[in-house]
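Structural overview for review
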Amino acid sequence: MAPRLMTHTEKRELAPLAKLALEMGPLVTFFLVNSYGDRWFGVAPDKRLFLATGIFVVAVLASLAVTWSLIRKLPVMPLVSAVVVTVFGGLTLLLHDDLFIKLKPTIVNTLFGCVLVWAGLTGRNVLKLVLDSVFTLTDEGWRLLTWRWAFFFFLLAGINEVVWRTQTTDFWVAFKVWGIMPITMIFAMAQMPLIMRHDASAESDLPS
């Protein structure tokens, strides 16, 4: 049987592992260069973060380019994050002040949290767009999930503020990579019971 060709109306989606690799790749690169930049590139230890920031910006933009080449669209969260990374990473390098790159997670998560609060208050369903979700939920399911993710984004913003203000830069970089991502994955998995309870496709299959 000949392979079925994708029509122009069908949506392309990234495989979960590819999506994870494209999201984690720039973060892991940021961590490695910040940890070993003095050995690998011969920069002074106090300059590692600035080198890592520059490479991080390039890696994030490269990840977006690969995503576009694979599915011909740019998911909202990676796109917004890339814009903020580019702006605040550029300010970090231009002004030689690491404050800007450390504020980036706070700003991105607060922005998404505010958007979801606005969506929850106005009854608009923007969560599917923000998370590039493939789920089909009832209106009540989207409402509950919207408020949960709004709270979670604000929590991430608060955690980032506490960590960068109280810990070393190296600890902040490591936590940004190896702490925030697992926390996010655990939170997302914890929403599966709600998603299953409010699965609109399952409800539509019930006999009338």
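Just above, that's the structure.
What comes next is a walk through the structure.

Between the first and last C-alpha of helix H1 (residues 16-40) there are merely 32 Å, a value that for 25 residues lags more than 12% behind the 36 Å anticipated at 1.5 Å per step. By the largest-angle criterion, Asn34 marks the main kink of H1, which is about 50°. Where H1 ends, the next residue or the one after it, Gly42, has phi of about 75°, a positive value.

Bringing a nonpolar patch on the surface into the picture now. The grouping of Trp68, Leu74, Leu79, Val83 and Val87 at the surface amounts to a nonpolar patch, some 410 Å² of accessible area in total. The leading source of residues in the nonpolar patch is helix H3 (residues 76-95), at three residues. With respect to the helices, strands and loops of the structure, Val83 is situated in helix H3. When its relative accessible area of 48% is taken as the criterion, Val83 is described as partly exposed.

This part is about the environment of Asn109. Within the element layout of this structure, Asn109 appears in helix H4 (residues 99-122). The buried category is assigned to Asn109, whose relative accessible area is 11%. Remark: the alpha-carbon pair of Asn109 and Ser35, spanning 74 residues in sequence, is separated by 25 Å. If near-sequence neighbours (up to four positions away) are discounted, Asn109 is found in contact with Phe153, Leu156 and Ala157. A polar contact of 2.9 Å, which involves the side chain of Asn109, links it to the backbone oxygen of Pro105.

About the thresholds
Residues numbered from 1 in each chain as written. Predicted model: local features only at pLDDT ≥ 70, side-chain atom pairs only at ≥ 80, totals over all residues. Heavy atoms only, no water. Helix = DSSP H or I, 4+ residues; strand = E, 2+ residues; numbered from the N terminus. Expected span 1.5 Å × (residues − 1). Bend = angle between axes of the 7 residues up to and from the residue. Patch = residues over 30% accessible without salt bridge, like charges linked within 9 Å, V, L, I, M, F, W, Y side chains within 5 Å. Areas by Shrake-Rupley, 256 points an atom, 1.4 Å probe, with all protein chains shown as cover. Salt bridge = Lys/Arg side-chain N within 4 Å of Asp/Glu carboxyl O. Buried < 20%, exposed > 50% of the residue type's maximum accessible area, 1.4 Å probe, protein only. Contact = heavy atoms within 4.5 Å. Polar contact = N/O pair within 3.5 Å; in protein donor to acceptor, adjacent residues only side chain to side chain.

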